[in-house]
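Chain and residue survey
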Amino acid sequence: MSFDKANAKIYIAGHRGMVGSAIVRRLRASGYGNLLVRTHDKLDLTDQGAVAAFMQQERPDYVFLAAARVGGIHANNTYRAEFIYQNLMIQANLVGAAYAAGVEQMLFLGSSCIYPRDCPQPIKEEYLLTGPLEPTNEPYAIAKIAGVKLCESYNRQYGTAYVSAMPTNLYGPNDHYDLNNSHVLPALIRKSHEAKIRGDDKLVVWGTGTPRREFMYVDDMADACVFLMESGVKEGLFNVGWGEDVTIRELAETVMDVVGFKGELALDATKPDGTPRKLLSTERLRELGWRPKTSLREGIALAYADFVTRFG
């Protein structure tokens, strides 16, 4: 992709989201000057006809498919129909329309929740479809698995180069901080900040605190996405992660320290934990030469600064 930075037309679906906006930042920083974006009010990605017309009119050279309906455990478990329907529609419409418009290279963004709930750790790409999924986010996971297989099928039948990247838990600028629907890390940032402002003496966190999770700063994810597109890789599934995990208790304690909340941590074991552990094996991507750069504490500090700037 790097051979024509000034003229190559690159469509970033979901450019206002956390991952999509990070990809835009990364592309612009690298000198790509012909970026194509559309807001939801201009293009509804669940509308097949509108997506097809858009692709035929614009005919981008490359596509980053970062658009998705996303959320944490509560959102996934509550809005199950919306999560599977909207994500299936977005993916099917974009991949099909991209191929029809002559797009030969695409990067599809998935999620680590595509892997079985109890598969061996760290999770390798070949563990896909080897066991039952985590029930709380099964609809979203099935939609993302369908996206992976959609790209794989187009590659095999039509010779396209549609690559899938499966990120670990991401956080950073433009994250969602809704306490009911956000992921664990942004929720912890908001709860810690508000507890500090109120002068609370404790911070209540869902679950037992024992599940282990891996986290990566979103700008590292964007760097990996552009790296994959520039690398010449033609197909495949690639995990993208930091390579180490922490317990939810350890995560909460780090967030509290960065935010400056001096109270105690209280764990609510009546709430669900979700998957016991999710640590991605990133050997496949590392063998190509890519490594993340932002440590967890450094990334949380950057994310908290963004939160304060946006919400005070």
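Anything mentioned here points back to the structure above.
Residues numbered from 1 in each chain as written. Predicted model: local features only at pLDDT ≥ 70, side-chain atom pairs only at ≥ 80, totals over all residues. Heavy atoms only, no water.

This brings us to the nonpolar core. Core analysis: the biggest nonpolar cluster contains 40 residues, and Tyr11, Leu45, Met55, Leu94, Tyr115 and Tyr162 have the highest contact counts within it. Contributions of two or more residues to this core are made by β1 (10-13), α2 (48-58), β3 (62-65), α4 (80-100), β4 (105-109), α5 (138-158) and β5 (161-167). Contact partners of Tyr115, with chain neighbours within four places excluded, come to Ile123, Lys124, Glu125, Tyr127, Leu128, Leu133, Met166, Leu237, Asn239 and Leu280. By size, the runner-up hydrophobic cluster in this structure holds 33 residues, among which are Met18, Ala66, Met221 and Trp290. (Core = buried A, V, L, I, M, F, W, Y, C linked by side-chain atoms within 4.5 Å. Buried < 20%, exposed > 50% of the residue type's maximum accessible area, 1.4 Å probe, protein only. Helix = DSSP H or I, 4+ residues; strand = E, 2+ residues; numbered from the N terminus. Contact = heavy atoms within 4.5 Å.)

Of the volumes computed, that of the second largest pocket is approximately 240 Å³. Lining the second largest pocket we find 15 residues, and of these Val148, Lys149, Glu152, Gly236 and Leu237 sit closest to its centre. Every element with two or more residues in the lining of the second largest pocket is listed here: α5 and β5. The element that contributes the greatest number of residues to the lining of the second largest pocket is α5, accounting for six residues. Residues of the lining of the second largest pocket, tallied by class, amount to five nonpolar, three polar and seven charged. (1 Å grid on protein atoms, 1.4 Å probe; cavity = no way out; pocket = protein on both sides within 12 Å on 5 of 7 lines; lining within 4 Å. Points joined across faces, edges and corners; volume = space filled by probe spheres on them. Nonpolar A, V, L, I, M, F, W, Y, C, P; charged D, E, K, R; others polar.)

This next bit is on empty space enclosed by the protein. Applying the stated criterion across every chain yields a total of one cavity of 30 Å³ or more. Here the largest cavity is characterised by a volume of approximately 50 Å³. Lining the largest cavity, in full, are Ser112, Cys113, Tyr115, Pro116, Arg117, Ile123, Glu134, Asn137, Thr275, Arg277 and Lys278. Across the lining of the largest cavity, the residue classes break down as four nonpolar, three polar and four charged.

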